[in-house]
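One letter stands for each residue in the lines below.
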Amino acid sequence: MTVNHPPRRPLVLVVEDEASIRLLLVKSLGDWGYDALAAPDAATAQALIRAHAIDLVLSDIRMPDMSGIELTRWAKAERPNMDVILMTGYGSLETAAEALRLGARDYLLKPFHRLTLVRLAVARALEQQQAQRTAARLRGELTRHELAQRELSLHVSHESSDAAATLLARLQAIDATVAAAGEAIAALSQQAAGGDRMADDQAAEVVRVVGQVTSVDNRDALHHLAALVTLLRRLTADAAHE
């Protein structure tokens, strides 16, 4: 019996040295339908990233042991598919540009007058991440499908070549046998018309030649040749009595 497990909820890591903001974000993420972990500093965050399948890091920039910029650089090297959103109360265009250059998904300014902005940023990042995963999976399936189609085409082509070669060989066998039978019948006709008793032996040769193609699917031609042989044998016998 197959057990259907509920889909895994996205896991978000909050890295914030201010306890009040850290607890607020963890509680809000739970209310929004996400699982959340918390780290008061970058070193703890690194340990959690190594230990858990974290989907998104929501990190402050200014921390005592390591900046959020440095953490982003490390996190993207450690887990390239994991997204990072940086938060700071000391924003500047240079800092934002550096964060995005290193691979951060978004950049938020504190204090958060409305948590709706955080919620939208988190939802947008996770949706884009899911879309990228789906696209990668579909590309993989398409590649496997194309490879399977190519392998099937090569297999069919190989089998078709073998079938064509077999058919050609059979047709060549028919042509050769019919040509030989035609020559024997022509000789037999001349000898029968002249009353030559050797024509009977030639008729037997025609029968042997015709028998060579009994395994070939050309029954009408075989019956026609057999009828000719029978007629010529009768002519030979009449010529001998005269």
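Structure report, in brief.

Cut-offs applied
- Residues numbered from 1 in each chain as written.
- Predicted model: local features only at pLDDT ≥ 70, side-chain atom pairs only at ≥ 80, totals over all residues.
- Heavy atoms only, no water.
- Helix = DSSP H or I, 4+ residues; strand = E, 2+ residues; numbered from the N terminus.
- Buried < 20%, exposed > 50% of the residue type's maximum accessible area, 1.4 Å probe, protein only.
- Contact = heavy atoms within 4.5 Å.
- Areas by Shrake-Rupley, 256 points an atom, 1.4 Å probe, with all protein chains shown as cover.
- Pairing = 2+ DSSP bridges.
- Right-handed = clockwise from strand over helix to strand, strands pointing away.
- Core = buried A, V, L, I, M, F, W, Y, C linked by side-chain atoms within 4.5 Å.
- Axes fitted to C-alpha atoms, helices over the stretch in contact; angles between N-to-C directions.
- Parallel < 35°, antiparallel > 145°, perpendicular 65-115°, else oblique.
- Nonpolar A, V, L, I, M, F, W, Y, C, P; charged D, E, K, R; others polar.
- Arc of directions from axis to C-beta.
- Polar contact = N/O pair within 3.5 Å; in protein donor to acceptor, adjacent residues only side chain to side chain.

Along the protein chain, the regular secondary structure elements total seven helices and five strands. Counting from the amino terminus, the protein chain carries its helices and strands in the arrangement β-α-β-α-β-α-β-α-β-α-α-α. Residue burial in the protein chain is summarised as follows: out of 242 residues, 32% are buried. Counting only contacts in the protein chain whose residues sit at least 6 apart along the sequence, the fraction spanning at least 24 positions is 63%. A total accessible area of about 15,000 Å² is found for the protein chain, and carbon and sulfur atoms account for 57% of it.

We now examine the pairing of strand 4 (residues 83-88). A regular strand places its side chains on the two faces of the sheet in alternate fashion. Of all six residues that make up strand 4, six are buried, and the element is covered over most of its length. Alternating positions in strand 4 separate into two faces, Asp 83, Ile 85 and Met 87 on one and Val 84, Leu 86 and Thr 88 on the other, with burial throughout. As judged from the five bridges shared by strand 3 (residues 56-60) and strand 4, these two strands associate in the parallel manner. The residue of strand 4 that forms the bridge with Asp 60 is Met 87. Note on the crossover from strand 3 through helix 3 (residues 68-78) to strand 4: the handedness is right-handed. Where strand 4 lies against strand 5 (residues 106-109), four bridges are found, and the strand directions are parallel. Within strand 5, the position partnered with Ile 85 by the bridge is Asp 106.

It is worth spelling out the nonpolar core at this point. Counting residues in each nonpolar core, the largest one holds 24 residues, and the members touching the most others are Leu 13, Val 15, Ile 49, Ile 54, Val 57, Leu 71 and Leu 86. In this view, Leu 71 contacts Val 15, Ala 42, Ala 45, Gln 46, Ser 59, Met 63 and Met 66; residues no more than four positions away in its chain are not counted. Formed by 17 residues, the second largest nonpolar core is a distinct cluster that contains Ile 21, Leu 29, Tyr 34 and Ile 85.

What follows deals with the sheet that holds strand 1 (residues 11-15). Either a parallel or an antiparallel arrangement is found when strands of a sheet pair, and the pairing is made through backbone hydrogen bonds. Taken in spatial order, the five strands line up as 2-1-3-4-5 in an open sheet, and their pairing is parallel. Strand pairing shows two members of the sheet lacking a second neighbour, strand 2 (35-39) and strand 5, which therefore form its edges. Each strand axis lies, on average, 20° off the axis of its neighbour in the sheet, ignoring direction. Note that strand 1 and strand 3 share four bridges and pair parallel. Counterpart to Val 14 in the pairing with strand 3 is Leu 58. Running over the sheet, helix 1 (residues 19-31) touches strand 1, strand 2, strand 3 and strand 4 and is turned about 170° from strand 2.

Among all residues save glycine, negative phi is the norm, and among peptide bonds the norm is trans. Note that the residue after Lys 110, namely Pro 111, is joined by a cis bond; omega there is 0°. Note that Pro 111 resides in the loop between strand 5 and helix 5 (115-193).

So, on to the side chain of Gln 46. With respect to the helices and strands, the residue Gln 46 is situated in helix 2 (residues 42-51). In this structure, Gln 46 is in contact with Met 66, Leu 71 and Trp 74, ignoring residues within four places of it in sequence.

Packing of helix 2 against helix 3 leaves a shortest axis separation of 11 Å and a crossing angle of 10°. Regarding the angle of helix 2 to helix 3, the classification is roughly parallel. Touching Ala 42, Ala 45, Gln 46, Ile 49 and Arg 50 of helix 2 are Leu 71, Trp 74, Ala 75 and Glu 78, all from helix 3. In terms of residue class, the contact of helix 2 with helix 3 is made up of six nonpolar, one polar and two charged.

Restricting attention to buried positions, one finds in helix 2 the residues Ala 42, Ala 45, Gln 46, Leu 48 and Ile 49. Each buried residue of helix 2 lies within a common arc of 165° when the element is viewed along its axis, so the set occupies one face. With respect to the buried face of helix 2, the exposed residues turned more than 90 degrees away are Arg 50 and Ala 51. Tucked inside the fold, the buried residues of helix 2 contact strand 1, strand 2, strand 3 and helix 3.

Attention now goes to the environment of Asp 60. Relative to the helices and strands, Asp 60 resides in strand 3. Given a relative accessible area of 4%, Asp 60 falls into the buried group. Separated by 47 residues in sequence, Asp 60 and Tyr 107 place their C-alpha atoms 9.9 Å apart. Discounting chain neighbours no more than four positions away, the residues touching Asp 60 are Val 15, Glu 16, Asp 17, Gly 68, Met 87, Thr 88 and Lys 110. In terms of polar contacts, Asp 60 uses its side chain to reach the side chain of Lys 110, at 3.3 Å.

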